[in-house]
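Residue-level listing of the chains:
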Amino acid sequence: MSATAPTTMRSDEVAGLISKTAVLMEQFDRRCGEIEQRLRTHSSELERLSQQVPAIVRQSADGSLHALPGLVMDRLGGGLERPVQDYQQRLQRAGDELESAAHKLGGQIDRLQRLHRLLLWKTVAAVAACLALLLAGGAWLSLHYAGVIEQNRLSAELLQAYNQADVTLCDGRLCAHVEAKGKRYGERGQYVPVAPR
């Protein structure tokens, strides 16, 4: 009875640990799903942005090219160099801004991918640790109960021999009907087999 109570407590502790592990795994799966959703969103935004860049550049170039002949005619007397330089600078600034935005978005995607990999490895490590704990607990319980079974087997053999022997209580002490001519046991031959009932 005393061996059963600690075993039940240990079983409850193992069950509690398994339950907590399951909750952690569920939270991890949910967070991984959220990170994947964010990655997909950022990826689709980057794809949409990369598809819009040529159209924006083309539209900007078309608008500027339509206005260019008028500017050339207006400023022909003053020279073409200044407007062309301004136009090139504006194009350069727009290209730099687009490139900077693309680099920032790429950096965010890389960070999210690293975070996802880190969370995945942490989950694998947590699951491996839980499995190792479960295996160690199972091995300990197997060894413990093997000892208990062995003790019970010896007790059962002793009770079986006691039930087959002709013994009784005499004034609070154990008395036995022994085989007088039976083989003697012990270092000095002090033990004699008890006669069967």
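Quick note: structure is the one above.
This one's a predicted model, so the numbers in the text were calculated from it and none came from an experiment.

For the rest of this paragraph, the subject is the nonpolar core. Counting six residues, the largest nonpolar core is built from F28, C32, I35, L39, L112 and L119. Only α1 (4–74) and α2 (81–164) provide two or more residues apiece to this core. Looking at which element gives the most residues to this core, the answer is α1, with four residues. For F28, the contacting residues outside a window of four places in its chain are L119, L120 and T123.

Okay, unusual backbone geometry next. Look at D171: it is not a glycine, yet its phi comes out positive at around 55°. Mapping D171 onto the fold places it in the loop between β1 (167–170) and β2 (173–176).

Examined bridge by bridge, β1 and β2 share four bridges and lie antiparallel to one another. The partner of L169 across the bridge, within β2, is L174.

The space that makes up the largest pocket amounts to roughly 280 Å³. Around the largest pocket, the lining comprises 14 residues; the ones closest to its centre are L24, M25, F28, T123 and A126. Elements with a contribution of two residues or more to the lining of the largest pocket: α1 and α2. By residue number, the principal contributor to the lining of the largest pocket is α1, which donates eight residues. In this structure, the second largest pocket encloses a volume near 160 Å³. Around the second largest pocket sit R10, E13, V14, L17, L133, L134, G137, G138, W140 and L141, which together line it.

Conventions adopted
Residues numbered from 1 in each chain as written. Predicted model: local features only at pLDDT ≥ 70, side-chain atom pairs only at ≥ 80, totals over all residues. Heavy atoms only, no water. Core = buried A, V, L, I, M, F, W, Y, C linked by side-chain atoms within 4.5 Å. Buried < 20%, exposed > 50% of the residue type's maximum accessible area, 1.4 Å probe, protein only. Helix = DSSP H or I, 4+ residues; strand = E, 2+ residues; numbered from the N terminus. Contact = heavy atoms within 4.5 Å. Pairing = 2+ DSSP bridges. 1 Å grid on protein atoms, 1.4 Å probe; cavity = no way out; pocket = protein on both sides within 12 Å on 5 of 7 lines; lining within 4 Å. Points joined across faces, edges and corners; volume = space filled by probe spheres on them.

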